[in-house]
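# Reading the structure
What follows is each chain in one-letter form.
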Amino acid sequence: MSKEEIKKKIQALSEELNKHNHAYYVLSAPTISDFEFDQLLKELERLEKEHPEFAFDNSPTKRVGGDITENFEKVTHIYPMLSLSNSYSKEEIIDWENRIKKLSETAPTYVCELKYDGVAIGIRYNNGQFDKAVTRGDGTQGEDVSANVRTIKSIPLQLQGNYPEQFEIRGEIFFPLKRFEELNRQRIEQGEPLYANPRNTASGTLKQQNSSKVAERGLDCLLYGVYGDNLNFENHSQAVAKAGNWGFKVPTEKQNYIRVCQNIDEIMDFITYWDTERKNLPFEIDGIVVKVDNYRQQDELGFTAKSPRWAIAYKFKAETAETILEEVTYQVGRTGAITPVANLQAVLLAGTTVKRASLHNQDQIEKLDLHLGDSVYVEKGGEIIPKIVGVNVDKRPANAEVVKFIERCPECDHELLRKEGEAQHYCPNEMGCSPQIRGKIEHFISRKALDIDGLGPETIDLLYQNKLIKNYADLFDLSFDDFYDLERMADKSANNAIQSIASSKEVPFERVLFGLGIRHVGETVAKKLARHFVHIDKLQNADLESLIAIDEIGEKIAESLIDFFSKEENKEIIERLKQHGLQFEINNPVEIKETLNNQTFVISGVFKNVSRNELKELIEQNGGKNTGSISSKTNYLVAGENMGPAKLAKAEKLGVKIISEDEFLEMIK
Ligand code: IVH
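Residues numbered from 1 in each chain as written. Predicted model: local features only at pLDDT ≥ 70, side-chain atom pairs only at ≥ 80, totals over all residues. Heavy atoms only, no water.

### Section: the overall build of the chain
Within the chain, the regular secondary structure consists of 24 helices and 21 strands. The C-alpha radius of gyration of the chain comes to 29 Å, within 12% of the 26 Å expected for a compact globule of 669 residues. Projected onto its principal axes, the C-alpha positions of the chain cover 85 × 80 × 55 Å. In the chain, which comprises 669 residues, the share counted as buried stands at 48%. Long-range pairs, those at least 24 residues apart, make up 68% of the contacts in the chain with a sequence separation of at least 6. Accessible area of the chain: about 33,900 Å², with a carbon and sulfur share of 47%. Once the 85 positive and 107 negative side-chain charges of the chain are each reduced to a mean point, those two points are 2 Å apart. (Helix = DSSP H or I, 4+ residues; strand = E, 2+ residues; numbered from the N terminus. Rg over C-alpha atoms; globule rule 2.2 N^0.38 Å. Buried < 20%, exposed > 50% of the residue type's maximum accessible area, 1.4 Å probe, protein only. Contact = heavy atoms within 4.5 Å. Areas by Shrake-Rupley, 256 points an atom, 1.4 Å probe, with all protein chains shown as cover. Lys, Arg positive; Asp, Glu negative; His and termini not counted. Charge placed at Lys NZ, Arg CZ, Asp CG, Glu CD.)

Pasting the structure below:
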């Protein structure tokens, strides 16, 4: 292919992939299979790698993320990002509507929308191209989170149709509930505490330093406002509908997510409908926003200091119920984490019967000053699991016993520990505490770890009760008869179990490492460690300092690793697993050279010959270290094109050596 043909091919592929993304993520009507999509994407990735000069800034390949973003740059909003005035009763909405009518020359038309419970975002477009995504910040200045927002597939990078040359679109980024629940299931698998609610998790995700992590999370976005000069729209509802034509995911009348209303009765109908129906939405909302539709009337009404007069939010009441606290019990997780649970007299809340509420930790119990028999308020707000928000002290029975956090493990009676700076208690008796033992084995066999699918939690339970296993290494000593003798095990299942245990010996090192169930070592960290150390022996012998020196490994993880490998029992288990032939090294590691002599690099900007990821890999493969931001410890700044001036100034101030891409490539030649 000639250069011109390659350029055209890259453009055509980008356009085609953009169309499929829109069909899948905005219209929910895919036109090709996932497989076909991946094939096209791979083809584009290959071409862009060979000809980086033709790759678009907004290429669909940027959706997978990857680069470690540095501190987010501050950006001043072109239009201040204000908030809405809130109201909590229908009377307040009636008062507002009366005021609006009086202030307007002609009877206003209104638009009712959902109040999405997420994170506000303003996205700028230039000539149909995604330019910048900025958080709300303090309303005047926000943070540039473009790299992360680009990974949200329902946000178009290239617009279609008849869009204005320059404008900003605003909306709310949120965590779809299904994805949030999935994420928390993974957290359970990894023995980590659960994320409390979708909104905070969405906000945390947007501030992630590594955009590939954002891409995995599956955030979504609904748009609710178009801003710009000379946009030529008369009404807000018209602008929102038009934005849908340009490729944005906007609320539609068909879904009843947005409604043009002529009077207060129609507004009230919308509010009443969603007050009950909101529990069936695939995302969370915390109210309804009512806006004056006509832009000229909006201008006339203007703003107060903080919010527009032309809009008001009706906030739903978080549903609460009052019931009796009967008992506090404690659950022990796979990693020994203790979670207190409030056992309640059954009560109806937001359509479901609630008997239990999460209490998180000791501090929470003390803050509420809980007593047994207390009359407590339970609330189902953003959280999936209801929580106790207060106590009706007037109803406290005489001589009620204060709830005192347990000191010993409810399962094995071992003394509990609470590490400094951590909120949770742990049972340190890993090897002798039944839920920890079973939990660790269940984790070991799980799909993302050793994937021993011939076994399930019930079989693990039976094996454990029959004293056939007490750790995961014991699985490899089991015979056909051991399984066959178990209740309900047929010939075929016993064979299956033996077979799948045997095949797990082929599972690569990084998944074995994840399967060991070391606290704070999830899938990604395991992968990182495996690649860095190549062999378990090196990881086992690593000290705190060398662990922390690894990109993205913090003190918490490092301490947990040291703790795990210092225990004789764990050493013995690993030795036995090795004897059984499990994978404890990477077979074809990339050879790490010493060329860069452990020196520290920061990369910034865009490069001609290599992608940022490739550059980072080259640094690591040549024995250098990557860090996200410049400090006095940085040895080199590899400067690409379009590098931020602030970074350059900082490097100069700290005397960091600034080198070009070519100079770097020369260094490792
Ligand atoms: S309009 C002048 N519409 O609520 C403010 N905001 O307190 C114009 N929000 O920061 C905002 N859904 O992030 C508007 N349909 C909606 C909304 C919405 C959620 C958020 C938004 C804003 C906050 C206002």
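### Some remarks on the pairing of strand S21 (residues 657-660)
Bridging between strand S20 (residues 636-639) and S21 involves four bridges; their strand directions are parallel. Residue Val-638 lies in a different strand from S21, and its bridge partner there is Ile-659. In the classification by handedness, the crossover that spans S20, the intervening helix H23 (residues 645-654) and the parallel S21 is right-handed. (Pairing = 2+ DSSP bridges. Right-handed = clockwise from strand over helix to strand, strands pointing away.)

### Let's talk about the site of the ligand
Around the ligand sit 14 residues in total, of which Glu-113, Leu-114, Glu-172, Tyr-224 and Lys-291 are the nearest. Residue Leu-114 places a main-chain N or O atom 2.9 Å away from a nitrogen atom belonging to the ligand. In this structure, a nitrogen atom belonging to the ligand sits 3.0 Å away from a side-chain N or O atom of Lys-291. The fraction of the free accessible surface of the ligand (520 Å²) that becomes covered by protein chains is 90%. Secondary structure elements with two or more residues in the shell around the ligand: strand S3 (110-116) and strand S10 (285-292). Per-element accounting of the shell around the ligand gives the leading share, four residues, to S3. Looking at the shell around the ligand residue by residue, the class counts come to eight nonpolar, one polar and five charged. (Near = heavy atom within 4 Å. Polar contact = N/O pair within 3.5 Å; in protein donor to acceptor, adjacent residues only side chain to side chain. Nonpolar A, V, L, I, M, F, W, Y, C, P; charged D, E, K, R; others polar.)

### What about unusual backbone geometry?
Of note, Asn-256 is a non-glycine position whose phi angle comes to about 65 degrees, a positive value. Looking at the secondary structure, you find Asn-256 in the loop between helix H8 (236-246) and strand S9 (258-261).

### Brief notes about the state of the cysteines
Disulfides are covalent bonds that link the sulfur atoms of two cysteine residues. Overall, the coordinates contain zero disulfides when judged by the stated rule. You can see Cys-261 has no disulfide; the closest cysteine sulfur is in Cys-112, sitting 3.8 Å from it. (Disulfide = S-S within 2.5 Å.)

### Remarks on a nonpolar patch on the surface
Residues Ile-188, Leu-194 and Ile-385 make up a contiguous nonpolar surface patch of about 270 Å² in total accessible area. On the secondary structure map, Ile-385 appears in the loop between strand S15 (375-380) and strand S16 (387-391). (Patch = residues over 30% accessible without salt bridge, like charges linked within 9 Å, V, L, I, M, F, W, Y side chains within 5 Å. Salt bridge = Lys/Arg side-chain N within 4 Å of Asp/Glu carboxyl O.)

### A few points about the environment of Leu-615
Among the structural elements, Leu-615 can be located in helix H22 (residues 612-621). Among the residues examined, Leu-615 registers a relative accessible area of 0% and is labelled buried. With residues near it in sequence (within four places) discarded, Leu-615 still touches Ile-603, Phe-607, Val-610, Val-638 and Phe-664.

### Focus: the sheet that holds strand S2 (residues 86-87)
Pairing is mixed across the open sheet formed by five strands, whose spatial order is S2-S11-S10-S3-S9. Of all the strands in the sheet, the pair left with one neighbour each is S2 and S9. Pairing of S10 with strand S11 (residues 311-315) involves five bridges; the strand directions are antiparallel. When the sheet's bridge partners are listed, Val-290 is paired in S11 with Ile-312. Along the sheet face, helix H3 (residues 90-103) touches S2, S3, S10 and S11 and points at about 170 degrees away from the line of S11. Across the sheet, H8 lies against S3, S9 and S10, angled at about 55 degrees from S3, the strand it touches most. (Axes fitted to C-alpha atoms, helices over the stretch in contact; angles between N-to-C directions.)

### Remarks on the sheet that holds S21
Ordered by their spatial adjacency, four strands build an open sheet running S19-S18-S20-S21, and the pairing between neighbours is parallel. Looking at strand neighbours, the two that pair on one side only are strand S19 (625-626) and S21, the edges of this open sheet. Alignment of strand S18 (residues 600-604) against S20, held across four bridges, turns out to be parallel. Bridge pairing in S20 links Ser-604 to Ala-639. Here H22 sits on the sheet in contact with S18, S19 and S20, set at roughly 170 degrees to S18. The strands touched by H23 are S18, S20 and S21; relative to S21, the strand with the most contacts, the crossing angle is about 130 degrees.

### Thoughts on the nonpolar core
In this structure, Phe-444, Leu-475, Phe-483, Leu-513, Leu-529 and Leu-577 are the most contacted members of the largest nonpolar core, which totals 52 residues. Contributions of two or more residues to this core are made by helix H12 (434-445), helix H13 (457-465), helix H15 (491-503), helix H16 (509-515), helix H17 (523-533), helix H18 (536-541), helix H20 (555-566) and helix H21 (568-579). When sequence neighbours within four positions are dropped, the list of residues in contact with Phe-444 reads Ala-449, Leu-450, Asp-451, Ile-452, Tyr-472, Leu-475, Phe-476, Gly-515, Leu-577 and Leu-582. In this structure, Phe-167, Ile-173, Cys-221 and Phe-233 belong to the second largest nonpolar core, which totals 36 residues. (Core = buried A, V, L, I, M, F, W, Y, C linked by side-chain atoms within 4.5 Å.)

### Points about H20
Its twelve residues give H20 an end-to-end C-alpha distance of 16 Å, which sits within 8% of 16 Å, the value for a rise of 1.5 Å per residue. Those residues of H20 not exposed but buried are Ile-557, Ala-558, Ser-560, Leu-561, Phe-564 and Phe-565. For H20, the angular spread of the buried residues around the axis is 165 degrees, confining them to a single face. Packed against the buried residues of H20 are H17, H18, helix H19 (544-548) and H21. (Expected span 1.5 Å × (residues − 1). Arc of directions from axis to C-beta.)

### Looking at the packing of H12 against H13
Two elements in contact, H12 and H13, have axes separated by 10 Å at closest approach and are oriented at 135 degrees. Taken together, the axes of H12 and H13 lie oblique to each other. Every pair of crossing elements has a handedness; the one defined by H12 and H13 is right-handed. Residues Ser-434, Ile-437, Arg-438, Ile-441, Glu-442 and Ile-445 of H12 pack against Pro-457, Ile-460, Asp-461 and Tyr-464 of H13. (Parallel < 35°, antiparallel > 145°, perpendicular 65-115°, else oblique. Left-handed = near helix turned anticlockwise from the far one by under 90°.)

### Details of the packing of aromatic side chains
One pass over the full model with this rule turns up 26 aromatic pairs. Their ring planes at 85 degrees and their centres at 6.3 Å tell us that Phe-167 and Phe-248 sit as a pair that is edge-to-face. Note that Phe-167 is positioned in strand S7 (residues 166-174) and Phe-248 in the loop between H8 and S9, a separation of 81 residues in sequence. As far as the burial class goes, Phe-167 and Phe-248 line up, both buried. Pairing Phe-233 with Trp-246 gives two aromatic rings, centres 6.2 Å apart and planes at 40 degrees, and the pair type is tilted. In this pair, Phe-233 is assigned in the loop between strand S8 (220-227) and H8 and Trp-246 in helix H8, connecting sequence segments 13 residues apart. Residue Phe-233 shares its accessibility class with Trp-246, and that shared class is buried. Members of the aromatic cluster, each reached through a chain of ring pairs, are Tyr-116, Phe-174, Tyr-224, Tyr-257, Tyr-273, Trp-274 and Phe-283. When the ring centre of Tyr-227 is taken as origin, the NZ or CZ atom of Arg-170, which lies over that ring, is 4.5 Å away. The ring of Tyr-195 has Arg-187 sitting right over it, with the charged end atom 4.2 Å from the ring centre. (Phe/Tyr/Trp six-rings, centres within 6.5 Å; stacked < 30°, edge-to-face > 60°. Lys NZ or Arg CZ within 6 Å of the ring centre and 35° of its normal.)

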